[in-house]
Amino acid sequence: MRFGIIGAGSIGSIISKKLVKNGHDVKIADARGIERLEGKELAGTPVRVEDAIKNIEVLIISLPVEAMPSIRNIIDQVEEEVIIVDTSNYYPFRDGKIKEIENGMVESVWVSNQLGRPIIKAFNNLLAHTLENEGTPEGTSGRIAIAIAGNDQSQKQVIMDVVNELGFDAVDSGSLSDSWRQQPGTPAYCTELTKDELTNALEKANKEKASLLRDKVIERFAEEKEAEFSHKDVVNLNREIYNS
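Rules used in this analysis
- Just so you know, the residues in each chain are numbered from 1, in the order the chain's sequence is written.
- Local features in this predicted model are restricted to residues of pLDDT 70 or higher, and side-chain atom pairs are both shown and tallied only at a pLDDT of 80 or more, whereas totals for entire chains, interfaces and linings draw on every residue.
- Calculation of side-chain values draws on the structure's entire complement of heavy atoms; hydrogens and water are dropped beforehand.
- Secondary structure elements follow DSSP: runs of H or I no shorter than four residues count as helices, runs of E no shorter than two count as strands, and numbering proceeds from the N terminus.
- Throughout, the radius of gyration refers to the C-alpha atoms, and the reference size of a globule is 2.2 Å times the residue count to the power 0.38.
- When a residue's accessible area, from a 1.4 Å probe over protein chains only, is under 20% of the maximum for its type it is buried; when over 50% it is exposed; and in between it is partly exposed.
- Two residues qualify as a contact provided that any one of their heavy atoms is within 4.5 Å of a heavy atom in the partner residue.
- The method behind every accessible area is Shrake-Rupley, applied with a 1.4 Å probe, and residues are considered shielded solely by the protein chains displayed.
- Counting of polar contacts relies on pairs of N or O atoms within 3.5 Å, with two restrictions inside protein: one atom must be capable of donating a hydrogen and the other of accepting it, and residues adjacent in sequence are counted only when both atoms are side-chain atoms.
- Throughout this description, the term salt bridge denotes a Lys or Arg side-chain nitrogen within 4 Å of a carboxyl oxygen of Asp or Glu.
- A pair of strands is labelled paired if DSSP reports no fewer than 2 bridges between them.
- When the strands point away from the viewer, a crossover counts as right-handed if the path from the first strand over the helix to the second runs clockwise.
- All axes are obtained by fitting lines to C-alpha atoms, using only the stretch in contact for helices, and the reported angles, taken between N-to-C directions, cover 0 to 180 degrees.
- Here the word oblique covers every angle except those under 35 degrees (roughly parallel), over 145 (roughly antiparallel) and from 65 to 115 (roughly perpendicular).
- Two helices cross in a left-handed way if the nearer one is turned anticlockwise from the farther one by less than a right angle. They cross in a right-handed way if the turn is clockwise.
- Asp, Glu, Lys and Arg are counted as charged, while Ala, Val, Leu, Ile, Met, Phe, Trp, Tyr, Cys and Pro are counted as nonpolar; the rest, among them Gly, fall into the polar class.
- To estimate how far a helix should extend, the number of its residues minus one is multiplied by 1.5 Å.

Another point: the overall build of the protein. Each helix and strand in the protein was counted, giving 11 helices and eight strands. The globule rule puts the C-alpha radius of gyration for 244 residues at 18 Å, and the 17 Å found for the protein is close to it. With respect to the three principal axes, the spread of C-alpha positions in the protein is 45 × 45 × 40 Å. Here the protein, with 244 residues, has 51% of them falling under the buried criterion. Contacts spanning at least 24 positions in sequence make up 68% of the contacts within the protein whose residues lie at least 6 apart. As displayed, the protein has an accessible area near 11,400 Å², and 46% of this comes from carbon and sulfur atoms.

Here it is as structure tokens:
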């Protein structure tokens, strides 16, 4: 398949690497300019953001939530049939407080509104280390799962198939309005769950508590900033607090 990726941070870069390894055609861009890619070790072809959207089947956007409005003019040029995937997560300390989200709008619904296009929500409920290192062949016992939300079932199935190919089970987490169930502060978020466990975690999610628990984890990291958190420490902390 032909992929464009906007965003060459940890998640965008890892997805690019895994897609290229599986034989896909991948173009990757930095929304701030192609010069930002100089010196980076990247898989795929580094391009200008205007070129990342040309002659593709899937566009993966891996940017901070607050940056989404800045690419609206680019997204307006994306062909109608292209599947658009959003990997972002809303963190007020980084993105600034976004009034609509603070007032209860689902994060990915806000993103879709800013882009002016339907989107599929995927690749957001795993840590970068998990995404890069913990993928396993289909059928492996204890295989980690990724939640995927969206309103177009056929588009969602395409991305679920890609997720499976990249080493993870895929769980259909419902419509885009349901995607809050896989966002920060919920039991499904960055807790490394199997398909059955993730399905249960999505059902257990509490929208009222999610932002409070999200901020509680951030506060814990801030309190212990001198501490060396291993990848497993982060997963365990998320499991402890997001299930409370």
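Structure shown, so let's carry the discussion forward.
Within the secondary structure, Ser88 sits in the loop between strand E5 (83–86) and helix H4 (92–95). In the structure, Ser88 is positioned 59 residues away from Ala147 in sequence and 13 Å away in space, judged by C-alpha atoms. Within the local environment of Ser88, its side chain forms a polar contact with the side chain of Asp86, the two groups lying 2.8 Å apart.

Here Arg143 is to be found in the loop between helix H7 (128–133) and strand E7 (145–148). Setting aside chain neighbours within four positions, we find Arg143 in contact with Thr136, Pro137, Glu138, Asn164, Gly167, Phe168, Asp169, Leu193, Thr194 and Lys195.

In this structure the tally under the stated criterion is 14 salt bridges. Note that Asp169 is salt-bridged to Arg143, the shortest N-O span being 2.8 Å. Taken together, the residues Asp169 in strand E8 (residues 169–172) and Arg143 in the loop between H7 and E7 connect sequence positions 26 residues apart. Residues Asp169 and Arg143 agree in their burial class; the two are buried. Of the charged contacts in the structure, one is a salt bridge between Asp172 and Lys156, with a shortest N-O distance of 2.8 Å. Of this pair, Asp172 sits in strand E8 while Lys156 is found in helix H8 (residues 153–165), placing the two residues 16 residues apart along the sequence. Classification of Asp172 by relative accessible area gives partly exposed; the value is 33%. Take Lys156: its relative accessible area is 2%, and that puts it in the buried class. It is possible to trace a salt-bridge network through shared partners that takes in Arg48, Glu50, Asp51 and Lys54.

For the rest of this paragraph, the subject is the pairing of strand E2 (residues 25–29). With four of its five residues buried, E2 lies for the most part within the structure. Across five bridges, strand E1 (residues 2–6) lies against E2 in parallel orientation. Bridge pairing in E2 places Gly4 opposite Lys27. Read from E1 through helix H1 (residues 10–21) to E2, the crossover connection turns out right-handed. The sheet contact formed by E2 and strand E3 (residues 45–46) spans two bridges and is parallel.

Another point: the packing of helix H10 (residues 207–223) against helix H11 (residues 231–242). Running from N to C, H10 and H11 cross one another at 140°; their axes reach a closest spacing of 10 Å. With respect to H11, the element H10 is oriented oblique. By crossing handedness, the relation of H10 to H11 is classed as right-handed. Of the residues in H11, those in contact with Leu213, Arg214, Lys216, Val217, Arg220 and Phe221 of H10 are Val234, Leu237, Asn238, Glu240, Ile241 and Tyr242. Each residue belonging to the contact of H10 with H11 can be placed in one class, and the counts come to seven nonpolar, one polar and four charged.

Between its first and last C-alpha, H1 extends 17 Å over 12 residues, near the 16 Å set by a 1.5 Å rise per residue. Considered for burial, the residues of H1 that qualify are Ile11, Gly12, Ser13, Ile14, Ile15, Ser16, Lys18 and Leu19. The elements touched by buried residues of H1 are E1, E2, strand E4 (58–61), H7 and H8. Looking one or two residues beyond H1, the residue adopting positive phi is Gly23, at roughly 90°.

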